[in-house]
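Analysis of the macromolecular model
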Amino acid sequence: MMSPEEEKGQVSSSIDSVSGSSSGRGVPTPLHSHSHSSNTNPDSMNSVEMVTSFPSRTIFLGVDVGTGSARAGLFDDTGKLLGSASSPIQIWKDHDCVEQSSTDIWHAICAAVKAACSLANVSGDEVSGLGFAATCSLVAVDADGSPVTVSLSGDARRNVIVWMDHRAIKQAERINTCNSPVLQYCGGALSPEMQPPKLLWVKENLQESWSMTFRWMDLSDWLSYRATGDDTRSLCTTVCKWTYLGHAHMHQMSEKDSRDMEACGWDDDFWEEIGLGDLVDGHHAKIGRSVAFPGHPLGAGLTRAAAKELGLVAGIPVGTSLIDAHAGGVGVLESRPISGENYKEGDKENICHRMVLVCGTSTCHMAVSESKLFIPGVWGPFWSAMVPEYWLTEGGQSATGGLLDYIIDNHVAAPLLANRAASRSISLMELLNKILETQMNDLKAPFLSALTEDLHVLPDYHGNRSPMADPKSKGIVSGLTLDTGEKQLALLYLATIQGIAYGTRHIVEHCNSHGHKIDTLLACGGLSKNHLYIQEHADITGCPIILPREKESVLLGAAILGAVAAKKYSGLHDAMKALNASGQIIHPSTNPNVKKFHDAKYRVFKELYEQQLSHRSIMKEALS
């Protein structure tokens, strides 16, 4: 997954204002230069110095590591953002292989935290709790905590397989032929974006790295380990990406008695069957011997060494982590009350009628239920992976913000439009929105969406994550002409937004047909700041969309982990109720012609995928 708050196309400055506003496109520039010293092994760090002073105000720090940058945000005890900053991280892409460096990521975090504190005028000893969120990337380190390469290049820096990496498609296909019961808890099939296929790929292709690796960790777990020296894994990461069965701990559920728990949810037969039985050794030492609910305080808090690097005070409570999309869910799901929504104070059913769209490079669709719902092609049900005691259903689209960037960047009209947008101090997408408004008026179109009546997009450029669970699916554009002008680019941009929104409608309808009762959406992440993107989603799904008061929802979700670790709240859900806050609500169009138009285009959208399957079958037969 991605970090939706700072993806390319959504954030341009390295330091965000308190409002979280941004303009322009492109990767953030560095905050400042910083030396890259060798990794420190948290297990051998100096003893921590416990916080002895009492902050004059309650401030929580959230850190979010996304695909393109690391971000830090400081929040007060009402959930209000005091200031945030970001610092870019390096990424290597080679066909299906996408890699990063954990050392580079940690230095970017340190820079972002220091800059955020400076911007918000917060001193290190005022921070009451710290939480981490990150993409579900895979980190390899040796016994000393130093990076182990996962790259065919042999580059020692490249020890992170990024979430979007699709090198393990064949391994995923092989794993999915087994009959393990763990598969039913991830929609019936593992995605190549999950960790077991990637681990199997490393074992089969990089035997030396496989032998050297002492710990395999999800990135957010590695960050909390790097900060505290505590190797306890999160139920969020292990359940959602590693096939860990979180419901093995249902009898241990007690938010008021937070503790790490022996990892009893691994299915050893599964690891043996897929050829990774050596990961069972040492009570699963390499993949996690203990787990905890998100927000559980780790170790003795921030170590002295990590505190010095971050500009904070040793001993600050650090909470068990979340995947970035799940942190977005924690940051918005309890936003209330909302005018027009069927909401009853204290009703546990409220959040079960909601789905969170965490919109960035990719989009995750997060919904919870009190009972477990098995939905083919949709990840889950995951017990307590986001909100304790609730089952999580996780749909997703592997390319959304990343797809829009691709569509725009590869169009001949993009450079001139980018220059014009820069001269007006607006983002390129804002300029495209204005061009579409002008076209609607010039052509006297009945409504803006109707401009794409002859242009249709299947947005599966990076496969279909949900609900088809087809990593081989490809993107399709129907209706191209020889026109290469800016108006044509604007239309293609609009049709792509619509294609993405039809994908969301497909996920919502599929979930509801299998027991969910979703009637309200909440949106966060970079794309949620694009009013056209949100309005099209509301019109196409027929659901009102709630936008949070604070734009940096993933950072807020991470900060909530710190608040829970600091014992400021009895548990994660209580902290969500206290710190989530709603902002604007976007309603679907009441024009019946808009609904009729989108119903027709949605039919075309589904037919495009069916045609692709037919074409795939025809060509397979021809080559057999």
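Whatever comes next refers back to the structure up there.
Below is a summary of the structure that appears in this document. (Residues numbered from 1 in each chain as written. Predicted model: local features only at pLDDT ≥ 70, side-chain atom pairs only at ≥ 80, totals over all residues. Heavy atoms only, no water.)

A few words on the side chain of K241. Position of K241 relative to the elements: it lies in helix α6 (residues 235-241). Dropping the residues within four chain positions of it, K241 is found in contact with C136, M194, Q195, P196, D218, I323, W379 and E394. (Helix = DSSP H or I, 4+ residues; strand = E, 2+ residues; numbered from the N terminus. Contact = heavy atoms within 4.5 Å.)

For helix α5 (residues 219-228), the buried fraction is high: 10 of the 10 residues fall into the buried class. At the exit of α5 stands G229, carrying a positive phi of roughly 80°. (Buried < 20%, exposed > 50% of the residue type's maximum accessible area, 1.4 Å probe, protein only.)

It is worth spelling out the pattern of salt bridges at this point. In this structure the tally under the stated criterion is 22 salt bridges. The shortest N-O distance in the salt bridge between D165 and R167 comes to 2.9 Å. When the shortest N-O distance is used, the salt bridge between R420 and E486 registers 2.6 Å. Of this pair, R420 sits in helix α12 (residues 414-423) while E486 sits in helix α14 (residues 486-512); the two residues are 66 residues apart in sequence, bridging distant segments of the chain. Using a relative accessible area of 28% as the deciding quantity, one classes R420 as partly exposed. (Salt bridge = Lys/Arg side-chain N within 4 Å of Asp/Glu carboxyl O.)

Taken as a whole and judged by the stated rule, the model has three cavities of 30 Å³ or more. Taken as a whole, the largest cavity encloses approximately 120 Å³ of empty space. At the level of elements, β18 (391-397) and α14 are the ones that each hand at least two residues to the lining of the largest cavity. Class assignment for the residues of the lining of the largest cavity results in five nonpolar, nine polar and two charged. Lining the second largest cavity we find 13 residues, and of these Y185, C186, V239, T243 and F382 sit closest to its centre. Looking at which element gives the most residues to the lining of the second largest cavity, the answer is α6, with three residues. By residue class, the composition of the lining of the second largest cavity is 11 nonpolar, one polar and one charged. (1 Å grid on protein atoms, 1.4 Å probe; cavity = no way out; pocket = protein on both sides within 12 Å on 5 of 7 lines; lining within 4 Å. Points joined across faces, edges and corners; volume = space filled by probe spheres on them. Nonpolar A, V, L, I, M, F, W, Y, C, P; charged D, E, K, R; others polar.)

Close contact between α14 and helix α15 (residues 531-541) brings their axes to 9 Å; oriented N to C, the two are set at 45°. Comparing their axes, α15 and α14 come out oblique. In the packing of α14 onto α15, the handedness of the crossing is right-handed. Of the residues in α15, those touching α14 at Y493, L494, I497, Q498, I500, A501, Y502, T504 and R505 are L532, Y533, E536, H537, I540 and T541. Tallied by class, the residues present in the contact of α14 with α15 amount to nine nonpolar, four polar and two charged. (Axes fitted to C-alpha atoms, helices over the stretch in contact; angles between N-to-C directions. Parallel < 35°, antiparallel > 145°, perpendicular 65-115°, else oblique. Left-handed = near helix turned anticlockwise from the far one by under 90°.)

Turning next to helix α10 (residues 324-332). For α10, the buried fraction is high: nine of the nine residues fall into the buried class. Of the residues making up α10, those classed as buried are D324, A325, H326, A327, G328, G329, V330, G331 and V332.

So, on to the pairing of strand β16 (residues 363-369). With seven of seven residues buried, β16 lies mostly within the body of the structure. Side chains T363, H365, A367 and S369 project from β16 onto one buried face, and the interleaved C364, M366 and V368 project onto a second face that is buried too. Here four bridges tie strand β15 (residues 354-359) to β16, and the two strands are oriented antiparallel to one another. Residue pairing for β16: V356 is matched across the bridge by M366. The loop that links β15 with its antiparallel partner β16 comprises three residues. Taken together, the seven bridges between β16 and β18 define a ladder with antiparallel strand orientation. Its bridge partner lying in β18, T363 is registered against Q397. (Pairing = 2+ DSSP bridges.)

Turning next to a negative patch on the surface. On the surface, a cluster of negative charge is made up of D268, D269, E272, E273 and D281. Per element, the largest residue contribution to the negative patch is four residues, and it comes from helix α7 (residues 268-273). Mapped onto the secondary structure, D268 falls in helix α7. When its relative accessible area of 30% is taken as the criterion, D268 is described as partly exposed. (Patch = residues over 30% accessible without salt bridge, like charges linked within 9 Å, V, L, I, M, F, W, Y side chains within 5 Å. Areas by Shrake-Rupley, 256 points an atom, 1.4 Å probe, with all protein chains shown as cover. Lys, Arg positive; Asp, Glu negative; His and termini not counted. Charge placed at Lys NZ, Arg CZ, Asp CG, Glu CD.)

The seven strands lie next to each other as β17-β18-β16-β15-β21-β22-β23, forming an open sheet whose pairing is mixed. Looking at the sheet topology across the chains shown, the edges are occupied by β17 (379-383) and β23 (582-586). Neighbouring strand axes in the sheet, compared pairwise and without regard to direction, differ in orientation by 25° on average. Packed onto the sheet, α10 meets β15, β16, β18, β21 (520-524) and β22 (545-548) and runs at close to 130° relative to β15.

On to the nonpolar core, then. One broad trend across soluble globular proteins is that nonpolar side chains are buried collectively. Grouped together as the largest cluster of nonpolar side chains are 89 residues, with contacts concentrated most on L199, W216, W271 and L333. With nine residues, the single largest contributor to this core is helix α16 (residues 553-565). With residues up to four places along the chain from it excluded, the contact list for W271 reads P196, L199, W242, T243, W266, L276, G277, L279, V280 and I287. Of all hydrophobic cores here, the second largest spans 52 residues; its members include A367, A414, L432 and Y533. (Core = buried A, V, L, I, M, F, W, Y, C linked by side-chain atoms within 4.5 Å.)

Moving on, we get to the packing of aromatic side chains. Aromatic rings in a pair are described by how distant their centres are and how their planes are angled relative to each other. Scanning the entire structure with this criterion turns up 13 aromatic pairs. Seen in terms of ring centroids, W106 and F132 are 6.5 Å apart; in terms of plane orientation they differ by 35°. Their pairing is tilted. Note that W106 is positioned in helix α1 (residues 102-120) and F132 in strand β7 (residues 127-134), a separation of 26 residues in sequence. Note on accessibility: W106 and F132 belong to one class, buried. Taking the centre distance of 5.4 Å and the plane angle of 70° together, the rings of F270 and W271 count as edge-to-face. Just as F270 is buried, W271 falls in that class too. (Phe/Tyr/Trp six-rings, centres within 6.5 Å; stacked < 30°, edge-to-face > 60°.)

Quick look at unusual backbone geometry now. A cis geometry characterises the amide bond from G380 onward to P381, with omega recorded as 5°. Following the sequence through the fold, P381 ends up in strand β17. Following S466, the chain continues to P467 via a peptide bond in cis, the omega torsion being -5°. Along the chain, P467 falls in the loop between β19 (456-458) and β20 (476-478).

Moving on, we come to the environment of L279. Tracing the sequence through the fold places L279 in the loop between α7 and α8 (281-284). Once the C-alpha coordinates of L279 and R215 are considered, the two residues, 64 residues apart in sequence, prove to be 10.0 Å apart. Each residue touching L279, except ones within four places of it in the same chain, is listed here: L199, W210, W216, W271, H284, K286 and I287.

Take the sheet that holds strand β6 (residues 97-100) next. The strand order β5-β6-β9-β8-β10 describes an open sheet built from five strands, whose pairing is antiparallel. Both outer strands of the open sheet, β5 (92-94) and β10 (215-218), are each paired with one neighbouring strand and no more. Two elements, strand β8 (residues 138-141) and strand β9 (residues 160-161), share two bridges in a ladder whose sense is antiparallel. Directly across from L138, in β9, lies its bridge partner I161. Where α5 meets the sheet, it contacts β8 and β10, and its direction lies at approximately 110° from that of β10.

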